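Single-letter residue listing:
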Amino acid sequence: EICTHVMERIGVLFAKRPELDARIEIDEGMPPLRANPHDLARALVNVIHNAIRFTPDENGLIEINASHENGAIVCRVCDNGIGIDKKYHETGFEPFVELIDKLKRSSSAARFRSSGLGLGLTIARDIVEKHGGEISLFSEGNDKGTTVRISLPAEE
């Protein structure tokens, strides 16, 4: 159900960036998850939207996968975009933080010049934590892509 909500929302985003390659993989036999599907979909859409915004048109790849690991449902959103300097891995979840100057480091021909409020990851973190989960991001640095990992407790 959550995946259906997410796919409905991100389909429009990917339609605006047809050059991007998107790969989605969801393990079979996932356990149930007690959650508000609309809220969790919003969290995932925020994360995926960032991946779309900061991944280049040329050879751009976004991978979304979900698996069952050690009693949790783990979703990873990985891109090969502009990356995030390691010193910003924690501050990326703070409100009103924009980690890059988009006017200097645009990721596509569409030139994403509109600046967001810097709330996407903050909202995602709040939703995930209210569901008893954890969210983290990892990047080797500038131009090395980013992975956002969301872990949520599965129902027994």
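Preceding block: the structure.
First, a word on scope: everything that follows refers to the structure included in this document.

1. A word on the side chain of Thr-55
Working step 1: Counting through the fold element by element, Thr-55 comes out in the loop between helix 2 (37-53) and strand 2 (61-69).
Working step 2: One polar contact links the side chain of Thr-55 to the main-chain carbonyl oxygen of Ala-51, over a distance of 2.5 Å.

2. Focus: helix 2
Working step 1: Its 17 residues place the ends of helix 2 24 Å apart at the C-alpha level, agreeing with the 24 Å of an ideal helix rising 1.5 Å per residue.
Working step 2: Of the positions making up helix 2, those classed as buried are Pro-37, Leu-40, Ala-41, Ala-43, Leu-44, Val-45, Asn-46, Val-47, Ile-48, Ala-51, Ile-52 and Arg-53.
Working step 3: Where helix 2 is buried, its residues meet helix 1 (2-15), strand 2, strand 3 (72-79), helix 3 (120-130), strand 4 (134-138) and strand 5 (146-153).
Working step 4: At the N-terminal end of helix 2, a side-chain oxygen is found 2.9 Å from the backbone nitrogen of His-38, two or three residues along, and the residue is Asn-36.

3. A look at the pairing of strand 3
Both faces of the sheet carry side chains from a regular strand, because those side chains alternate between them.
Working step 1: The element strand 3 is extensively covered by neighbouring structure, given that seven of its eight residues are classed as buried.
Working step 2: Across eight bridges, the pairing between strand 2 and strand 3 is antiparallel. Each residue of the ladder has a partner; that of Asn-65, found in strand 3, is Arg-76.
Working step 3: Between strand 2 and strand 3, which pair antiparallel and follow one another directly, the connecting turn spans two residues, one of which, Asn-70, has a positive phi of 50°.
Working step 4: Two strands pair when backbone bridges link them, and strand 3 and strand 5 are joined in this way by eight bridges, in the antiparallel orientation. Each bridged residue has a counterpart across the sheet, and for Arg-76 the counterpart in strand 5 is Arg-149.

4. What about the environment of Ile-62?
Working step 1: Position of Ile-62 relative to the elements: it lies in strand 2.
Working step 2: For Ile-62, a relative accessible area of 0% translates into the label buried.
Working step 3: For the pair Ile-62 and Thr-146, spaced 84 residues apart in sequence, the C-alpha to C-alpha distance is 9.7 Å.
Working step 4: Once residues within four sequence positions are removed from consideration, Ile-62 is found in contact with Phe-14, Leu-20, Asp-21, Ala-22, Arg-23, Ala-51, Ile-52, Thr-55, Val-77, Cys-78 and Asp-79.

About the cut-offs
Residues numbered from 1 in each chain as written. Predicted model: local features only at pLDDT ≥ 70, side-chain atom pairs only at ≥ 80, totals over all residues. Heavy atoms only, no water. Helix = DSSP H or I, 4+ residues; strand = E, 2+ residues; numbered from the N terminus. Polar contact = N/O pair within 3.5 Å; in protein donor to acceptor, adjacent residues only side chain to side chain. Expected span 1.5 Å × (residues − 1). Buried < 20%, exposed > 50% of the residue type's maximum accessible area, 1.4 Å probe, protein only. Contact = heavy atoms within 4.5 Å. Pairing = 2+ DSSP bridges.

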